Amino acid sequence: MMAAAIADTVAFAEVPTPVGPFVLAVTDAGLVASGWGSQARLAERLGLAEVHDADRTAFAVAELNAYFAGDLKTFETPVDWRLMSGSRLRVLQALHRIPYGTAVTYGELAALSGSSVPARGIGSIMGSNPIPIIVPCHRVIAAGNGLGGFSGGEGVETKRWLLTHEGYLQPTLLDL
């Protein structure tokens, strides 16, 4: 007789960061969602039973803390890609490989992904990225080095902070 399948569950953690509280949602497979905002909003979107499991979230929390402390440049937290498919998945997996301290344009990311998504479509995919920071949509900029948009945290100012933190942008007098 086959054992009953264990229902999918998600554990949440909130990490205080210099750019606001950041929520992580972790399944048995890995980080499935993250972002600024409420845990309740993420939970509703995921529709998975919640478990309180600090061990499940501990590695992702430790990596995020190390990233904001300036001690981590490459995330090793496993990613649960279930919320993505098709071209969107290919684009976000290509984005996941963009190294710390660098940036690509929307058009360059389209080419790197091997998808037929035009640069404008890449912007839409970035705006709906369910795993910001770890899947670093802040590293995608407009052609000509404009920052482009950013839908997380305080918008483009959060993107500017993240790119400055990673050393891609130089601090301004306002940052000092």
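Residues numbered from 1 in each chain as written. Predicted model: local features only at pLDDT ≥ 70, side-chain atom pairs only at ≥ 80, totals over all residues. Heavy atoms only, no water.

Per an unreviewed UniProt entry, the protein chain goes by the name methylated-DNA--[protein]-cysteine S-methyltransferase and belongs to Nonomuraea zeae. On record in UniProt, under Sequence similarities (unreviewed entry), the comment for the protein chain is "Belongs to the MGMT family." (UniProt positions renumbered as here; feature names shortened; annotations may be inferred.)

Draft legend 1. Local environment of the domain arrangement of the protein chain. According to the domain assignment, the protein chain contains domain 1 (9-69) and domain 2 (86-166). Placing the centre of domain 1 and that of domain 2 at their C-alpha centroids yields a distance of 21 Å. Taken together, the contact pairs 13 residues of domain 1 with 15 residues of domain 2. For the pairing of domain 1 and domain 2, the buried interface totals around 1200 Å² over both sides, and the portion due to carbon and sulfur atoms is 72%. Among the elements of the structure, β3 (31-36) and α2 (54-68) are those that each provide at least two residues to the side of domain 1 that touches domain 2. No other element matches the six residues that β3 contributes to the side of domain 1 that touches domain 2. (Domains from an automatic or database assignment. Contact = heavy atoms within 4.5 Å. Buried area = accessible area lost by both parts, 1.4 Å probe. Helix = DSSP H or I, 4+ residues; strand = E, 2+ residues; numbered from the N terminus.)

Draft legend 2. Up close: the layout of surface pockets. As a volume, the largest pocket reaches approximately 400 Å³. Around the largest pocket sit 25 residues that line it, and Gly127, Asn129, Pro132, Ser151 and Gly152 are the ones nearest its centre. Looking at the lining of the largest pocket, the elements that each hand over two or more residues are β3, α1 (39-46) and α5 (119-127). Grouping the constituent residues of the lining of the largest pocket by class yields ten nonpolar, twelve polar and three charged. A domain-level breakdown of the lining of the largest pocket finds at least three residues from each of domain 1 (9-69) and domain 2 (86-166). (1 Å grid on protein atoms, 1.4 Å probe; cavity = no way out; pocket = protein on both sides within 12 Å on 5 of 7 lines; lining within 4 Å. Points joined across faces, edges and corners; volume = space filled by probe spheres on them. Nonpolar A, V, L, I, M, F, W, Y, C, P; charged D, E, K, R; others polar.)

Draft legend 3. Highlighting the pattern of salt bridges. Throughout the structure, instances matching the rule amount to six salt bridges. With its nearest N and O atoms 3.3 Å apart, the salt bridge here joins arginine 160 to glutamate 157. Taken as a pair, arginine 160 and glutamate 157 lie in helix α6 (residues 156-165) at a separation of three residues, close to a single helical turn. Residue classification places glutamate 157 among the partly exposed residues on the basis of a relative accessible area of 45%. Three or more residues joined by partner-sharing salt bridges are found here, namely Asp8, Asp80 and Arg82. (Salt bridge = Lys/Arg side-chain N within 4 Å of Asp/Glu carboxyl O. Buried < 20%, exposed > 50% of the residue type's maximum accessible area, 1.4 Å probe, protein only.)

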